[in-house]
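The residues making up each chain are set out below.
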Amino acid sequence: MADKIVVGEPEPVPGLPGDPMSLAGAAAATPPPPSSGLPDDLRISWGWLHFVAFLFFGFVSFLITQIGAGLYFIAQSHNAHLTQKDLEHMVASKPIVPIVANVLLYALIIFFLYLSIPVLKNLPFWHTFGWRKLVPNGNAPSNPWLYFAGGIGLSLCVAIVSTRIKTPENLPIEQLFKSRNGAFLLMGMAVLIAPLVEETVFRGYVYPLFAKNWGVAPAVVINGVLFGLMHGAQLGWTMGLVAMLITVGIIFTFARARAGTVLASFLLHLGYNSMIAFSAIISTHGFTRMPPHP
């Protein structure tokens, strides 16, 4: 007798893990169990224990990258006792070193998230961290250009307000503007890398954890505060500038919460940083006429 052929359901074929450009929005191969009353973008597979591990890994990675940059400068100067002035001079003369250290820090953080959640739980990376298509949902616009333009407008508003804030001379971030190469490297990182990584971390990983446990409104505010404080050292902890970045972070997170996708806050962030870079390039004639430094 011939063997009986049993026709069952075909094995599921996992979708491609989309990216911010295509945003295929493939369903997770093994999605987290649904949580009652939670929207889809807040149904996450990580909790507080993972968040503590993330903070620890991020702190250690920060120390490693900063110490590595410092050791490089010491080796180049053949002086184990560099002063603050010496470090500022070396940063200005070799801006690629702190830029590479920062990019490496970004890469380590994303690598940790990738290994500890999508790989271990067989989930697509981008969809897991909130990257979805913009769709009409009655709460936020679905036109991507509106978000990009909104980021440009927000950048102009911040620029106007910042003229009324008394800032100390020679902010730490200004060290990279003392050379043309440093300025271009910083602007390149600010436009091409920072929005992608920071939105994935703050609005894709941190925000849904806070919103799931504390509610959307508190999560929006707390996430914005953390975003502003993260940039505090670059601004010499000038509280007026930090407060503005906290406001910017709250706006980014609010857009992500209303739209239900990190793509909304990413486009805002991209427009915001792009306008800063464009204004800096135009005002300095391609960083050939740099403002005087003390």
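Think of each chain on its own: its residues are numbered from 1, step by step along the sequence as written. Local features in this predicted model are restricted to residues whose pLDDT is 70 or higher, and side-chain atom pairs enter the listing and the counts only when it is 80 or higher, whereas totals over whole chains, interfaces and linings include all residues. Side-chain numbers come from the whole structure's heavy atoms, not from hydrogens or water.

Chemist: Account for the overall build of the protein chain, naming residues and giving values.
Modeler: Where helices and strands are cited, they refer to DSSP runs of H or I of at least four residues and of E of at least two residues respectively, numbered from the N terminus. Secondary structure summary: the protein chain contains 10 helices and 0 strands in total. When the helices and strands of the protein chain are listed from N to C terminus, the series reads α-α-α-α-α-α-α-α-α-α. Each residue's exposure class comes from its accessible area (1.4 Å probe, protein chains only) as a fraction of the maximum for that residue type: buried when under 20%, exposed when over 50%, partly exposed otherwise. Burial status across the protein chain gives 42% buried among its 294 residues. For the protein chain, restricting intrachain contacts to residue pairs at least 6 apart in sequence, the fraction spanning at least 24 positions comes to 75%. When the accessible surface of the protein chain is split by element, carbon and sulfur atoms take 70% of a total near 16,200 Å². Contacts are residue-level and defined by heavy atoms, with any inter-residue pair within 4.5 Å sufficient. Computed with a 1.4 Å probe, the accessible areas rest on the Shrake-Rupley method; for each residue, only the protein chains presented here act as cover.

Chemist: Residues and numbers for helix H1 (residues 48-77), please.
Modeler: Given a helix with a known number of residues, its expected span is that number minus one, times 1.5 Å. End to end, H1 covers 43 Å across 30 residues, agreeing with the expected 44 Å (1.5 Å per residue, within 8%). His50, Phe51, Phe54, Gly58, Ser61, Thr65, Ala69 and Phe73 are the residues of H1 that are buried.

Chemist: A description of the packing of aromatic side chains should follow, citing residues and the corresponding values.
Modeler: The geometry of an aromatic ring pair is captured by two quantities: the separation of the ring centres and the angle between the planes. Pairing of aromatic rings covers Phe, Tyr and Trp, the last through its six-membered ring, and needs centres within 6.5 Å; plane angles under 30 degrees mean stacked, over 60 mean edge-to-face, and all others mean tilted. Counted under the stated rule, the structure contains 24 aromatic pairs. Between Trp46 and Phe129, the aromatic rings sit 5.3 Å apart at their centres with planes inclined by 40 degrees, giving tilted as the arrangement. Residue Trp46 is located in the segment before H1, and its partner Phe129 is located in the loop between helix H4 (125-128) and helix H5 (144-162); the two are separated by 83 residues in the primary sequence. There is no split in this pair, since Trp46 and Phe129 are both buried. With centroids separated by 5.3 Å and ring planes inclined at 25 degrees, the aromatic side chains of Trp46 and Tyr205 adopt a geometry described as stacked. Taken together, the positions of Trp46 in the segment before H1 and Tyr205 in helix H7 (residues 194-214) put the pair 159 residues apart, joining distant regions of the chain. The burial state of Trp46 is the same as that of Tyr205; both residues are buried.

Chemist: Please give an account of the nonpolar core that cites residues and values.
Modeler: One finds Phe54, Phe129, Tyr147, Val201 and Tyr205 to be the most contacted residues of the largest nonpolar core, which totals 68 residues. Residues contacting Tyr205, with those up to four places away along its chain left out, are Trp46, His50, Phe51, Phe54, Leu113, Ile117, Phe129 and Thr200. What makes a nonpolar core is a set of buried Ala, Val, Leu, Ile, Met, Phe, Trp, Tyr and Cys residues whose side-chain atoms join them at distances within 4.5 Å.

Chemist: Describe the packing of H1 against helix H3 (residues 96-121), naming the residues involved and giving the relevant values.
Modeler: Axis separation between H1 and H3 bottoms out at 9 Å; the angle between their running directions is 155 degrees. Relative to H3, the element H1 is oriented roughly antiparallel. Where H1 crosses over H3, the handedness of that crossing is right-handed. Across from His50, Ala53, Phe54, Phe57, Gly58, Ser61, Phe62, Thr65, Ala69, Tyr72 and Phe73 in H1, the residues of H3 making contact are Val97, Pro98, Ala101, Leu104, Leu105, Leu108, Ile109, Phe112, Leu113, Ser116 and Ile117. By the convention adopted, Pro, Cys, Tyr, Trp, Phe, Met, Ile, Leu, Val and Ala count as nonpolar, Lys, Arg, Asp and Glu as charged, and the other residues, Gly among them, as polar. Broken down by class, the residue content of the contact of H1 with H3 amounts to 17 nonpolar, 5 polar and no charged. Only the contacting stretch of a helix is used when fitting its axis, a line to C-alpha atoms as for every element, and angles between N-to-C directions run 0 to 180 degrees. In these notes the angle categories are as follows: under 35 degrees is roughly parallel, over 145 is roughly antiparallel, 65 to 115 is roughly perpendicular, and the rest is oblique. When the near helix sits turned anticlockwise from the far one by under a right angle, the crossing is termed left-handed; a clockwise turn instead gives a right-handed crossing.

Chemist: Before we move on, could you go through helix H8 (residues 216-230) and cite the residues and values that matter?
Modeler: Residues spaced three or four apart along an α-helix point in a common direction, a consequence of the helix completing one turn every 3.6 residues. If you check H8, its first and last C-alpha atoms are 21 Å apart, about what 15 residues at 1.5 Å a residue would give, namely 21 Å. If you check which residues of H8 are buried, you get Ala219, Val220, Asn223, Gly224, Phe227 and Gly228. Seen from one end, H8 has its buried residues packed into an arc of 160 degrees, which puts them on one side. Of the surrounding secondary structure, the elements contacted by the buried residues of H8 are H7, helix H9 (239-259) and helix H10 (262-283). The arc in question is traced by the directions running from the helix axis to the C-beta atoms.

Chemist: Can you explain the side chain of His231? Please cite residues and give values.
Modeler: Mapped onto the fold, His231 is located in the loop between H8 and H9. On the accessibility criterion, His231 (9% relative accessible area) is buried.

Chemist: I'd like a rundown of a nonpolar patch on the surface, residues and numbers included.
Modeler: A grouping of Phe59, Phe62, Leu63, Ile67 and Leu71 is seen on the molecular surface, where their side chains present a nonpolar patch of about 490 Å² in accessible area. With respect to the helices and strands, the residue Phe62 is situated in helix H1. Here Phe62 falls in the partly exposed class, since its relative accessible area comes to 40%. Two joining distances apply to patches: 9 Å for like charges and 5 Å for nonpolar side chains (Val, Leu, Ile, Met, Phe, Trp, Tyr), and every residue must have over 30% relative accessible area and no salt bridge. By definition, a salt bridge exists where a carboxyl oxygen of Asp or Glu is found within 4 Å of a side-chain nitrogen of Lys or Arg.

Chemist: Hey, could you go over the confidence of the model for the protein chain for me, with residue numbers and the actual values?
Modeler: In predicted models, pLDDT denotes the confidence assigned by the predictor to each residue on a 0 to 100 scale. Residues at a pLDDT of 70 or more form 84% of the protein chain, whose mean pLDDT is 85. Ranking the elements of the protein chain by mean pLDDT puts helix H2 (residues 84-93) last, at 73, and H7 first, at 97. Here residues 1-16 scores under 50 on pLDDT; set against residues more than four positions off or in separate chains, the count is 2 contacts. Counting contacts from residues 24-30, a segment whose pLDDT is below 50, to residues more than four positions away or on other chains yields 15 contacts.

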